[in-house]
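Fold and contact review
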Amino acid sequence: MRGTALTRLTGVRHPVVQTGMGWVAGPRLVSATANAGALGILASATMTPGRLRAAVREVKARTDAPFGVNLRADAADAGDRVRILIEEGVRVASFALAPSRELIGELKEAGVVVMPTVGARRHAEKVAAWGADAVLVQGAEGGGHTGEVATTVLLPQVVDAVPIPVVAAGGFFDGRGLAAALAYGAAGVAMGTRFLLTSDSTVPDAVKARYLAATVKDVTVTRAVDGLPHRMLRTELVAALEDAGRAGALVQAVRRAAGFRRLSGLTWRQLVRDGLALKHGKDLSWSQVLLAANTPMLLRSAMVDGRTDLGVMASGQVAGLIDDLPSCAELVERIMKEADETLTRLTAVR
């Protein structure tokens, strides 16, 4: 397969992106992805600025290949984090929410590729008008916070609406999916759950086993965690949160918020501010506001500590289709081989 607009823009060999998953996309996974020729994205929302700089330098020590960093555009210190990326020479800035026109301009002036993640056509049109270099569009099949429109409907909408490269996310795990995305007009695909389930991922083995055992029906969308639609594995904790009354939910939220505040270095004021930013005009209770701000702690319990009973496990629907733990090098090689075979087969049909 020849290069695409994504590979030319970012300098990677293959049009595959490993998404910036909190507590999962650390230096080891990102560097392994980069060395495999794909675009690894470092997750920074759970890091202090100092830890972010150290993590970027660790990735650079492990690979000479381009990589990116995912930022929360609505974080109180987003500007400081952007300057770290510029100072450290990071190739790509990825955003979980649409960044401001000012942040996009600052990054572009420094030569950093800006690639926000969106879940609606109008958001893609907005960031494209503000100067974003590419856009990653996630359909409802994707893990974590998600929308209601399936990738197969959302992707062609966005491809037709914006003049910049579009990366497809939500429901991709193999080379057939990459070929399908290219057929829709995308410049590549992004995968989260598939890279989480690799031997290079630092997620505890017991947690990986829980993912591998899941069927497509074991992946659910719930609002119980932070009041927003959140796709994850169905677990006892998710069921408990859905059944908890407001008082019980508030007690849990305060306890977990305190833990995240210590890890992140945020003040209570900043924590609540970030939670309110996630509210986005929705009618959330105070417990949901706090949970929105400290959802990283729920993820950390599972993804770092291995406590599936105390944490949540964000997951794309593709978890029900994955049954192995290849290295990133093996995974990317397999994806590209399958994509080439699929495209060759389609050419023969024509």
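About the criteria used
Residue numbers restart at each chain and count upward from 1, following the sequence in its written direction. Residues qualify for local features only when their pLDDT is at least 70, as the model is predicted, and side-chain atom pairs are given and counted only at 80 or more; totals for whole chains, interfaces and linings, by contrast, use all residues. Hydrogens are left out, water is left out, and the side-chain values use all remaining heavy atoms of the structure. With a 1.4 Å probe rolled over the protein chains alone, any residue whose accessible area is under 20% of its type maximum counts as buried; one over 50% counts as exposed, and the rest are partly exposed. Comment: elements are numbered from the N terminus, with helices defined as DSSP H or I runs of at least four residues and strands as E runs of at least two. For this analysis, residues touch if any pair of their heavy atoms sits within 4.5 Å. In this count, Lys and Arg are taken as positive residues and Asp and Glu as negative ones, while His and the chain termini are left out. For salt bridges, the criterion is a side-chain nitrogen of Lys or Arg within 4 Å of an Asp or Glu carboxyl oxygen. Whenever a nitrogen or oxygen atom comes within 3.5 Å of another N or O atom, the pair is scored as a polar contact, on the condition that within protein one atom can donate a hydrogen and the other can accept it, and that pairs from neighbouring residues in sequence are kept only if both atoms are in side chains. Strands are treated as partners if at least two bridges between them are detected by DSSP. Here an axis means a line fitted to C-alpha atoms, over the contact stretch when the element is a helix, while the angle between two N-to-C directions is reported on a 0 to 180 degree scale. Throughout, nonpolar core names a set of buried Ala, Val, Leu, Ile, Met, Phe, Trp, Tyr and Cys residues whose side chains join them through atoms within 4.5 Å.

1. Considering helix α4 (residues 78–88)
Given 3.6 residues per turn, any residue in an α-helix points the same way as the ones three and four places further on. Taken together, the buried positions of α4 are Ala78, Gly79, Arg81, Val82, Ile84, Leu85 and Glu88. Looking at the buried positions of α4, the neighbouring elements they touch are α3 (49–62), β3 (68–71), β4 (92–95) and α5 (101–109). Where α4 ends, the next residue or the one after it, Gly89, has phi of about 70°, a positive value.

2. Notes on unusual backbone geometry
Backbone geometry at Trp23 places phi at a positive 70°, although glycine is not the residue there. The residue Trp23 is located in the loop between β1 (16–18) and α2 (27–35) in this model.

3. A short note on the side chain of Glu141
One can find Glu141 in the loop between β6 (135–138) and β7 (144–145). Among buried charged residues, Glu141 stands out as having no salt bridge; its nearest opposite-charge side chain is Arg231, 6.7 Å away. At a separation of 2.8 Å, a polar atom in the side chain of Glu141 contacts the side chain of Thr151. Ignoring sequence-local partners within four residues, the contact set of Glu141 consists of Ala150, Thr151, Gly170, Gly171, Arg231, Gly316 and Gln317.

4. Brief notes about the sheet that holds β1
On the basis of which strands lie adjacent, the closed barrel formed by eight strands has the order β1-β2-β3-β4-β5-β6-β8-β9 and parallel pairing. If you compare each strand with its neighbour and ignore which way they point, the axes differ by 25° on average. In this structure, strand β5 (residues 113–118) lies alongside β6, joined through two bridges in parallel fashion. Opposite Thr117, over in β6, you have Leu136 as the bridge partner.

5. Quick word on the nonpolar core
In this structure, Val135, Tyr211 and Met303 are the most contacted members of the largest nonpolar core, which totals 60 residues. The greatest single-element share of this core, amounting to six residues, is contributed by helix α15 (residues 328–349). When near neighbours in sequence (up to four residues on either side) are disregarded, Tyr211 contacts Thr193, Leu196, Leu197, Leu233, Met303, Met313, Ala314, Ser315 and Ala319. Counting 25 residues, the second largest nonpolar core, distinct from the first, contains Ala43, Ile84, Ala93 and Ile104.

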